[in-house]
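# Secondary and tertiary structure notes
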Amino acid sequence: IKKIGVFTSGGDSPGMNAAIRAVVRTGIYHNLEIVGIREGLNGLIAGKFTKMGARSVSNIINLGGTILKSARSEEFRTYEGRKKAYDNCVENNIDALVCIGGDGTFTGAKIFNEEFGIQVIGVPGTIDNDIFGTDNTIGYDTALNTAMEAIDKIRDTATSHNRVFFIEVMGRDAGFIALNSGIATGAIDILIPEQKDSLEDLFENFERAKKRGKNSSIVVVAEGEKLASVYTLAEKTKEKFPDYDIRITVLGHIQRGGSPSCADRVLASRLGYGAVVGLMEGISNQMVGIRSNEMVYTPIEEAIKKHNTINENLLKISEILAI
Ligand code: F6P
């Protein structure tokens, strides 16, 4: 291969810039040409290409977001959209693509490869950590720390006013951010979609906390929680415990922003490097990941279909430590 295109697609995540930098510099080190594609798969369709040099990625390793910008593309779901994207690749002599994003991005990349034969490799970038084939996705560690710091701050008010807080964290259908930020902040309960929760269990936890002399409580709820939303949970809790002073906080997109943590910068650097080296070795339709500190390649199909499982031990620990 001679020329690689790189883009970020789907929800941005802290560390995407570090991954772009690693792709560009690894490529240039190996005498490849690198083209940055702006605005994700939409930019591939619209031909928004920029030639990248080693200096065009200076001073971005510490920046959140993505300098290439991102989008969720509806047009790429259509054959016509993908054909336009393919024609642009041919016209610009792009032999291979590094696709940084989550499962939506990978689904598009996989279909594109199967339809047109362009070599593709996925780099897992999402705060949700819901991609199989890597222990952590780029941005997850930073988001987790952001959630933890925000919950710590909320705890100050919870304690000062003897309040109960229901805090919703992101993660789409996965509970990784909720479980780990909940453990890290000493939540009395953590509700995640991977576990069957009930109001009875939640209320029992409140009763237990009260009996043990706790005057304030934090409950962390994953946005994908199936039992109920934070609003309904708060309402039901108020009905059951009318004397509780309850508040709700939805952390939202604060979790997607900010300077990436050291772990995310290093992970992104390794994965960006691994993507380019993988393409040079002829690997295609696979995702690069790090598992048990080793660089591994997983077929994109598997990465999308399978899911990282929640560590049952962590669930148990969270219950024991919440007494
Ligand atoms: O996938 C990342 C994520 O932040 C999820 O945690 C969340 O469900 C979703 O994206 C929010 O998407 P949007 O930014 O389009 O509202």
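Residues numbered from 1 in each chain as written. Predicted model: local features only at pLDDT ≥ 70, side-chain atom pairs only at ≥ 80, totals over all residues.

Looking at an unreviewed UniProt entry, one finds the protein chain named ATP-dependent 6-phosphofructokinase, with Frigoriflavimonas asaccharolytica as its source organism. Taken from UniProt, the Cofactor (unreviewed entry) comment for the protein chain reads in full: "Mg(2+)". (UniProt positions renumbered as here; feature names shortened; annotations may be inferred.)

### A closer look at the overall build of the protein chain
Of the regular secondary structure elements, the protein chain holds 11 helices and 11 strands. At 22 Å, the protein chain has a C-alpha radius of gyration in line with the 20 Å of a compact globule built from 323 residues. Along the three orthogonal principal directions, the C-alpha set of the protein chain runs to about 70 × 35 × 30 Å. (Helix = DSSP H or I, 4+ residues; strand = E, 2+ residues; numbered from the N terminus. Rg over C-alpha atoms; globule rule 2.2 N^0.38 Å.)

### Structural notes on the pairing of strand E2 (residues 33–37)
Burial runs high along E2: four of the five residues are buried. In this sheet, E2 lies alongside strand E1 (residues 3–8) in parallel orientation, the contact comprising four bridges. Following the sheet pairing, glycine 5 is matched in E2 by valine 35. Handedness of the crossover joining E1 and E2 through helix H1 (residues 16–29): right-handed. Judged from the four bridges that link them, E2 and strand E3 (residues 49–52) form a sheet pairing that is antiparallel. Residue pairing in the sheet places valine 35 in a bridge with lysine 51 of E3. (Buried ≥ 20, exposed ≤ 12 C-beta atoms within 10 Å, placed from the backbone. Pairing = 2+ DSSP bridges. Right-handed = clockwise from strand over helix to strand, strands pointing away.)

### Comments concerning helix H6 (residues 176–184)
Within H6, seven of the nine residues are buried, which leaves the element mostly enclosed by the surrounding structure. Residues Phe176, Ile177, Ala178, Leu179, Asn180, Ser181 and Gly182 constitute the buried set of H6. Tucked into the core, H6 has its buried residues touching helix H5 (140–160), strand E6 (163–169), strand E7 (189–191), strand E8 (217–222) and helix H11 (312–321). Just beyond H6, the residue with positive phi is glycine 186, at close to 70°. (Contact = placed C-beta atoms within 7 Å.)

### What to know about the sheet that holds strand E5 (residues 119–124)
Pairing in this open sheet of seven strands is mixed, and the strands run E3-E2-E1-E4-E5-E10-E11 from one edge to the other. Here the strands that pair on one side only, and so sit at the sheet edges, are E3 and strand E11 (294–299). When the angles between neighbouring strand axes are averaged without regard to direction, this sheet yields 30°. Here H1 sits on the sheet and contacts E1, E2, E3, strand E4 (96–101) and E5; the angle it forms with E1, its principal contact strand, is near 175°. Along the sheet, helix H4 (residues 103–116) makes contact with E4, E5 and strand E10 (286–291), crossing E4 at roughly 160°. (Axes fitted to C-alpha atoms, helices over the stretch in contact; angles between N-to-C directions.)

### Some points on the nonpolar core
Membership of the largest hydrophobic core comes to 49 residues, with the highest contact counts inside it found for Ala19, Val23, Val98, Cys99 and Ala275. Aside from chain neighbours lying at most four places away, what touches valine 98 is Ile4, Val6, Val23, Ile121, Val123, Ala275 and Val276. Within the second largest apolar cluster, 33 residues are counted, among which are Ala147, Val169, Ile218 and Leu251. (Core = buried A, V, L, I, M, F, W, Y, C linked by C-beta atoms within 7 Å.)

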